[in-house]
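So the chains spell out like this:
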Amino acid sequence: MNFLEKRTLDERIELMSSLSKQFKMRAHQIDIEGAFPYANILDLKNSGYTTLTVPSRYGGQEIALYELIRLQEKIAEGDGATALSIGWHMGIIMNLNEKNSWKEPVFKEICEQVKKGALINSAQSEPKTGSPTRGGRPETTAEKCKSGWNINGRKTFTTMSPVLDYFIVSATIKDTDEVANFLIPRTSKGIMIEETWDSISLRGTGSHDLILEDCFVEAENLVEEFSTTGRKVNGWLLHIPACYLGIAKAAQTYAIQFAKEYSPNSIVGPIIDLPNVQQKLGEMELKVMQSEYFLYGASKQWDSSNTEDREKMGAHLGAAKLTVTNLAIEIVDLAMRIVGAKSLSLSNPLQRYYRDVRAGLHNPPMDDMTLQLLAKHSIQNME
């Protein structure tokens, strides 16, 4: 039952908070085992969350980017791996609607399947190309055959691979310089998931390798041809810093509660009354505020802008991701300084938050690319 339908943002945040508390109770075991959060994803499906970015013309809610950011952040407070995983699905549907880059019948069918519970994500990264945002040409190949395409290759970091129903796979068209995206249903022959995910961060994302061996798809499953340079600006990628801000807020909440309760016999009362602890709590709150203003401001600007203005927002979006992700790392570090050595205990969630927020440095766009973009942006503004 879709109990998130026809709700205000505040009502949805409240409902998501309830789910987030359940995710938090499961997070430690998922992290320890490196398991995939099947129950969390099922809860999100059953709540109707996974359909919220489906366009209104297909009976969806077509929520704005700002709302997506707020909801993703709340999920991450419970479990970062779950938030980042589902964020890709949510953002891709939003992006396809905004960019209108697929043929309408194909996109309509995907949206209908999403409303029935289907999940989708891109499989773009490869062992030798690294992040697709750096412009590497896929070594995965697509060869034209009589009635469609044969696809061969290996994709890395295929997040949420244990439960995906559709993969958007980038491939170089054989004997040409063209690169295209292919929509590959999980039911296609020639698909295999190799469980390679052994990261110490976000261990529950199931970001395994996708192997394609003579995987056949119909001709219409070539959904988009594109250049490896000159990529469009993507507001939906703000779901990434939203995830890390949510994790940081969870660390802040833990540190405050700890400081309220911990009272060593060397002082009278809890440590929250100590000036040095309040100094750190103040620093954390400042960084949270800075993150919120940057992230929320960028998402609201995106929502209120037309297509032309959105294409000018690349520097702003990159700066928001860089700022929020790095501040999240600093917030978790401050929380651990308040809690002390206990924060390094395997049973303490802060050590998980510490590992998880580091992953943000390696999600697109990377800091060095953003700084180069900001340099060009400042130079252009002076011309």
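Draft legend 1. Representation of helix H1 (residues 9–33). For H1, spanning 25 residues, the distance from its first C-alpha to its last is 34 Å, which sits close to the expected 36 Å at 1.5 Å a residue. The sharpest bend along H1 comes to roughly 40°, located at Arg26. Turning to H1, its buried residues number three or more, namely Leu9, Arg12, Ile13, Met16, Ser17, Leu19, Ser20, Phe23, Ala27, Ile30 and Asp31. In the core, the buried residues of H1 are packed alongside helix H2 (38–47), helix H3 (65–78), helix H4 (80–99) and helix H10 (349–358). Gly34 sits one or two positions beyond H1 and adopts a positive phi of about 65°.

Draft legend 2. Focus on H10. Buried residues dominate H10, accounting for eight of its ten residues. What H10 keeps buried is the set Pro349, Leu350, Gln351, Arg352, Tyr353, Arg355, Asp356 and Val357. Buried-residue contacts for H10 involve H1, helix H6 (239–261) and helix H9 (314–339). N-cap assignment for H10: the residue whose side-chain oxygen lies 2.8 Å from the backbone N of Leu350 is Asn348.

Draft legend 3. Structural context of unusual backbone geometry. The peptide bond linking Pro364 to Pro365 adopts the cis configuration, its omega dihedral lying at -10°. Positionally, Pro365 belongs in the loop between H10 and helix H11 (367–382). If you check the backbone angles, Met160 has positive phi at about 70° while not being a glycine. A relative accessible area of 0% places Met160 in the buried class. Its identity as a non-glycine residue notwithstanding, Asp175 has a phi of 65°, on the positive side. Tracing the backbone through its elements, the reader meets Asp175 in the loop between strand E4 (166–173) and strand E5 (179–185).

Draft legend 4. Region of interest: the pairing of E5. Burial analysis of E5 places six of its seven residues in the buried class, the great majority of the element. Two elements, E4 and E5, share seven bridges in a ladder whose sense is antiparallel. By the bridge assignment for E5, Thr172 is matched with Val179. When E5 meets strand E8 (residues 222–226), the two strands line up antiparallel, connected through four bridges. By the bridge assignment for E8, Phe182 is matched with Leu222.

Draft legend 5. Highlighting the environment of Gly60. Relative to the elements of secondary structure, Gly60 occurs in the loop between H2 and H3. In this structure, the C-alpha to C-alpha distance between Gly60 and Thr323, residues 263 residues apart in sequence, is 32 Å. In this structure Gly60 touches Val54 and Pro55, once residues within four positions along its chain are discounted.

Draft legend 6. Main features of the layout of surface pockets. Its boundaries defined by the atoms lining it, the second largest pocket holds a volume of some 160 Å³. Along the wall of the second largest pocket there are 15 residues; nearest its centre are Asn2, Gly48, Thr51, Val114 and Lys115. Mapped by element, the contributors of at least two residues to the lining of the second largest pocket are H2 and helix H5 (104–115). Class assignment for the residues of the lining of the second largest pocket results in three nonpolar, nine polar and three charged.

Draft legend 7. Spotlight on the pattern of salt bridges. Under the defined criterion, the tally for this structure stands at 14 salt bridges. Ionic pairing is found between Arg355 and Asp31, a salt bridge with its closest N-O pair at 2.7 Å. With Arg355 in helix H10 and Asp31 in helix H1, this residue pair connects regions lying 324 residues apart in the sequence. On the accessibility criterion, Arg355 (15% relative accessible area) is buried. What makes Asp31 buried here is its relative accessible area of 6%. Two residues, Glu104 and Arg57, come together in a salt bridge whose shortest N-O distance is 3.1 Å. One end of the pair, Glu104, is in helix H5; the other, Arg57, is in the loop between H2 and H3, with 47 residues separating them in the sequence. For Glu104, a relative accessible area of 33% corresponds to the partly exposed category. Among the residues examined, Arg57 registers a relative accessible area of 44% and is labelled partly exposed. Among the ionic contacts, a cluster of salt bridges with common partners joins Glu73, Lys249 and Glu292.

Draft legend 8. Expanded view of the packing of aromatic side chains. In the structure shown here, the tally under the stated rule is seven aromatic pairs. Taking 5.0 Å as the distance between ring centres and 25° as the angle between the ring planes, the aromatic pair formed by Phe258 and Tyr262 counts as stacked. The class of Tyr262 is partly exposed, set by a relative accessible area of 31%. Over the ring of Tyr66 we find Lys300, and its NZ or CZ is 4.6 Å from the ring centre.

Draft legend 9. Examining the pairing of strand E3 (residues 148–158) more closely. Note that strand E2 (residues 141–144) and E3 share four bridges and pair antiparallel. Across the sheet, the residue bridging to Glu143 is Asn150, located in E3. Counting the residues in the hairpin turn of E2 and E3 gives three residues.

Conventions we followed
- Residues numbered from 1 in each chain as written.
- Predicted model: local features only at pLDDT ≥ 70, side-chain atom pairs only at ≥ 80, totals over all residues.
- Heavy atoms only, no water.
- Helix = DSSP H or I, 4+ residues; strand = E, 2+ residues; numbered from the N terminus.
- Expected span 1.5 Å × (residues − 1).
- Bend = angle between axes of the 7 residues up to and from the residue.
- Buried < 20%, exposed > 50% of the residue type's maximum accessible area, 1.4 Å probe, protein only.
- Contact = heavy atoms within 4.5 Å.
- Polar contact = N/O pair within 3.5 Å; in protein donor to acceptor, adjacent residues only side chain to side chain.
- Pairing = 2+ DSSP bridges.
- 1 Å grid on protein atoms, 1.4 Å probe; cavity = no way out; pocket = protein on both sides within 12 Å on 5 of 7 lines; lining within 4 Å.
- Points joined across faces, edges and corners; volume = space filled by probe spheres on them.
- Nonpolar A, V, L, I, M, F, W, Y, C, P; charged D, E, K, R; others polar.
- Salt bridge = Lys/Arg side-chain N within 4 Å of Asp/Glu carboxyl O.
- Phe/Tyr/Trp six-rings, centres within 6.5 Å; stacked < 30°, edge-to-face > 60°.
- Lys NZ or Arg CZ within 6 Å of the ring centre and 35° of its normal.

Keep in mind that these numbers describe shape and distance, not what the molecule does.
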